Amino acid sequence: MGCGSSKSIERVPCYEDPKVLAAETPFTVSEVEALYELFLKLSNSIIADGLIHKEEFQLALFRNKNQMNLFADRIFNLFDVKGNGVIAFGEFVRSLGVFHPNAPVADKIAFAFRLYDLRQTGFIEREELKKMVLALLHESDLVLLEDVVETIVDKTFSEADTKGDGRIDPEEWKAFVSKYPSLMKNMTLPYLKDISLAFPSFVVRTEIKDSDLSVGVNGQ
């Protein structure tokens, strides 16, 4: 079901009350309001329709709307809960809620699993793991020899696939990340400002003031 335009010219399509979103996520009302300001800038950076398109997402992450990256692609698709090619305000807040320090660890683990489950089969296969490893290395500007990458993937997959059936299921994934909690480090953003830092060109392009980003997700 699509989103209709809001009657208020100050509200984006599918605008949701911050109080409702705060009740459904770990964010406070003031934090949701701060996220709305960020959302407004991001969702109007290329197409002024109050919805985040993939090009805007790419531009925010890489300062280049045409730069393709599997990692960014997967994040966009997971934020786009309705699967309609755009991210609405409610989807934006609820998805970011997973990264809140107070979000349930189980939610973080499930989100990360879905990130790697490229074909959405409910399992992570070796080729999917390799593609994500390469994407993450690219994101970090790291270049490794092919045999080194293969060694990393083989070691990781063999250790995670405890059932030895050639795929990693959610139970195996949970056990694996529980053994190596550092793998989940990026699933938590300590402060709201970290959200802006994840979109560097967005901050530069819109000249958001530090005061707009001063509210921490811990209410500090």
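Being a predicted model, the structure only gives us computed values, none of them experimental.

### Quick notes on the side chain of His 53
Right, so step 1: Structurally, the position occupied by His 53 is in strand S1 (residues 52–53).
Right, so step 2: Within the structure, His 53 has its side chain in polar contact with the side chain of Asp 49 (distance 2.5 Å).
Right, so step 3: When neighbours within four sequence positions are excluded, His 53 is seen to be in contact with Ile 47, Phe 76, Gly 85 and Val 86.

### Topic: the packing of helix H4 (residues 70–79) against helix H7 (residues 126–139)
Right, so step 1: Contact geometry for H4 and H7: axes closest at 8 Å, N-to-C directions at 110°. What the angle tells us is that H4 and H7 run roughly perpendicular. Facing Leu 70, Phe 71 and Arg 74 of H4, the residues of H7 in contact are Lys 131, Met 132, Ala 135 and Leu 136.

### What about the nonpolar core?
Right, so step 1: Grouped together as the largest cluster of nonpolar side chains are 46 residues, with contacts concentrated most on Phe 79, Phe 89, Phe 92, Phe 111 and Trp 173.
Right, so step 2: With sequence-adjacent residues up to four places away left out, Phe 89 is seen in contact with Val 12, Tyr 15, Glu 16, Leu 21, Val 32, Leu 35, Tyr 36 and Phe 39.

### A word on the pattern of salt bridges
Right, so step 1: Within the structure shown, the criterion is met by 13 salt bridges.
Right, so step 2: Between Asp 73 and Lys 54 there is a salt bridge, and its shortest N-O distance comes to 2.8 Å. Placement of Asp 73 in helix H4 and of Lys 54 in helix H3 (residues 54–62) is noted, with a sequence separation of 19 residues between them.
Right, so step 3: Judged by relative accessible area, which is 27%, Lys 54 ranks as partly exposed.
Right, so step 4: Lys 179 is paired through a salt bridge with Glu 159; the nearest N and O atoms lie 2.9 Å apart. One end of the pair, Lys 179, is in helix H9 (residues 170–179); the other, Glu 159, is in helix H8 (residues 146–160), and 20 residues separate them in sequence.
Right, so step 5: Residue Lys 179 is classed as exposed on the basis of its relative accessible area, which comes to 55%.
Right, so step 6: You can call Glu 159 partly exposed: its relative accessible area is 23%.
Right, so step 7: Sharing partners across several salt bridges, the network here consists of Arg 126, Lys 130, Glu 146, Glu 150 and Asp 154.

Parameters at a glance
- Residues numbered from 1 in each chain as written.
- Predicted model: local features only at pLDDT ≥ 70, side-chain atom pairs only at ≥ 80, totals over all residues.
- Heavy atoms only, no water.
- Helix = DSSP H or I, 4+ residues; strand = E, 2+ residues; numbered from the N terminus.
- Polar contact = N/O pair within 3.5 Å; in protein donor to acceptor, adjacent residues only side chain to side chain.
- Contact = heavy atoms within 4.5 Å.
- Axes fitted to C-alpha atoms, helices over the stretch in contact; angles between N-to-C directions.
- Parallel < 35°, antiparallel > 145°, perpendicular 65-115°, else oblique.
- Core = buried A, V, L, I, M, F, W, Y, C linked by side-chain atoms within 4.5 Å.
- Buried < 20%, exposed > 50% of the residue type's maximum accessible area, 1.4 Å probe, protein only.
- Salt bridge = Lys/Arg side-chain N within 4 Å of Asp/Glu carboxyl O.

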